[in-house]
Amino acid sequence: MFVKEIFCTLVTSLFIVPETVKWFRSSFPGISDRDTYVYHSTGINVSPEYKHRTEYLGNKVKNCTLQIRDLQSSDTDRYYFRFETNLQHVKWTGVSGVSLSITEPKVTLDPPVPDHTVKEGSFIHLTCGFDRCTLSESSFVWYREGQPISNEKLNKLQFNVSYEHSGKYCCAVAENSSIKSEEINLIVKYSPKNTSVSVRAPGGIVEGSSVTLTCTSNANPPVSSYTWFKNQSNVMKSGSEQNLIFANISLCDSGEYYCESSNEIGRQISPAVQIRVKYGPRDTSDSNPDKMNTILVAIVGIQAAIIFALLVVICVQWLKSKSPQENSQNIQPSSGGDTYATIDLKTLSSDYDTLQVKHRADYK
């Protein structure tokens, strides 16, 4: 609680006794009285904002000191003392008045940056102080987004900036925490955080239905590019669109999907989500003639190829077994004891390189 006492000295004569004392405020000089008061000895017409914050410490002889508790910035003004005596029409007002100026604390950022914008990882400190005075022995209260920051009583906050430090900061002297500094808005630039993929499938992930995958991320500046992947490597889509839409999903679309979000500071990859496409029974009956015709043609073709291959093998074997007989020459024995044969080399098969001739000893 911060208290201000407005000291006042009252000078009267022995024959004039003040009966009523008043304090009022006005920004305009020369005003002798007001309709509402900061303090009134009879308690009437006291302004609600001062009703429980003012106390008269003086008396009706020499001292007219007024005490104001829980000072606020709005208390800045000029204050006037007035008293009324036991004599009719004998009233006085201190025309000079007393000026009360309330100085608010001020938060400064070091190092100074335009628009109080800093990058994640920077080291900064915020200082709470006054332009015209120093309160070296005072305790301070720091606020972020209107909530007190616990265990911070010094006039400086120092920290390495993270994205969680974004917000509005102000401070106050602990003795009078009602007078807060003007807020400064600390803006932190950071790469994407908490990137994730959500699945929207109103009718379930069923073959032929519509399925939408959405990539979300927290980033400043906002995410500028999204890249979609399937099964860890296949790039499905890249650009500023954060949705991956399957208007008519099929069985081949099953797999693991994840996204990568990026901005000018950095990038982050989401955890993978598994997409399993459900499908109905497949038609294996004869009611599909085109499909059955295709199968029959394939079977007949395979069988024809096998038969043709067997015929080729049989023909080759038959030709090999017949060739030595057709290419050899008949040998006729002579009347003598020797036998001669004429060999036609043009018709000699390469399969035979030895000619054996039998000699009959009794040939006549």
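A quick note: this is a predicted structure, and the numbers were derived from the prediction, not measured.

Participant: Provide a residue-level description of the state of the cysteines, including the pertinent values.
Facilitator: Tallying each qualifying case throughout the model produces two disulfides. Between Cys128 and Cys171 runs a disulfide, and the two sulfur atoms are separated by 2.0 Å. Between Cys128 and Cys171 the sulfur-sulfur dihedral comes to about 80°; the bridge is accordingly right-handed. You can see Cys128 sitting in strand 11 (residues 123-129) and its partner Cys171 sitting in strand 15 (residues 167-173), a full 43 residues away along the chain.

Participant: Lay out the sheet that holds strand 14 (residues 156-160) with the relevant residues and their values.
Facilitator: Strands pair in a sheet through their backbones, by hydrogen bonds, and they do so in one of two ways: parallel or antiparallel. Across the sheet, which stays open at both edges, the three strands sit in the order 9-11-14 with antiparallel pairing between neighbours. Here the strands that pair on one side only, and so sit at the sheet edges, are strand 9 (106-110) and strand 14. Looking at each pair of strands side by side, their axes are set apart by 15° on average, direction ignored. Pairing between strand 9 and strand 11: five bridges, direction antiparallel. Bridge assignment links Lys106 to a residue of strand 11, and that residue is Gly129.

Participant: A description of the pattern of salt bridges should follow, citing residues and the corresponding values.
Facilitator: Close approach of charged atoms allows side chains of opposite charge to pair. Tallied over the entire structure, the rule returns seven salt bridges. With its nearest N and O atoms 3.3 Å apart, the salt bridge here joins Glu120 to Lys193. Highlighted residues: Glu120 in the loop between strand 10 (117-119) and strand 11 and Lys193 in strand 16 (residues 184-200), separated in sequence by 73 residues. On the accessibility criterion, Lys193 (18% relative accessible area) is buried.

The rules we used
Residues numbered from 1 in each chain as written. Predicted model: local features only at pLDDT ≥ 70, side-chain atom pairs only at ≥ 80, totals over all residues. Heavy atoms only, no water. Disulfide = S-S within 2.5 Å. Helix = DSSP H or I, 4+ residues; strand = E, 2+ residues; numbered from the N terminus. Pairing = 2+ DSSP bridges. Axes fitted to C-alpha atoms, helices over the stretch in contact; angles between N-to-C directions. Salt bridge = Lys/Arg side-chain N within 4 Å of Asp/Glu carboxyl O. Buried < 20%, exposed > 50% of the residue type's maximum accessible area, 1.4 Å probe, protein only.

From the geometry alone we can't say anything about function, so treat these as descriptive.
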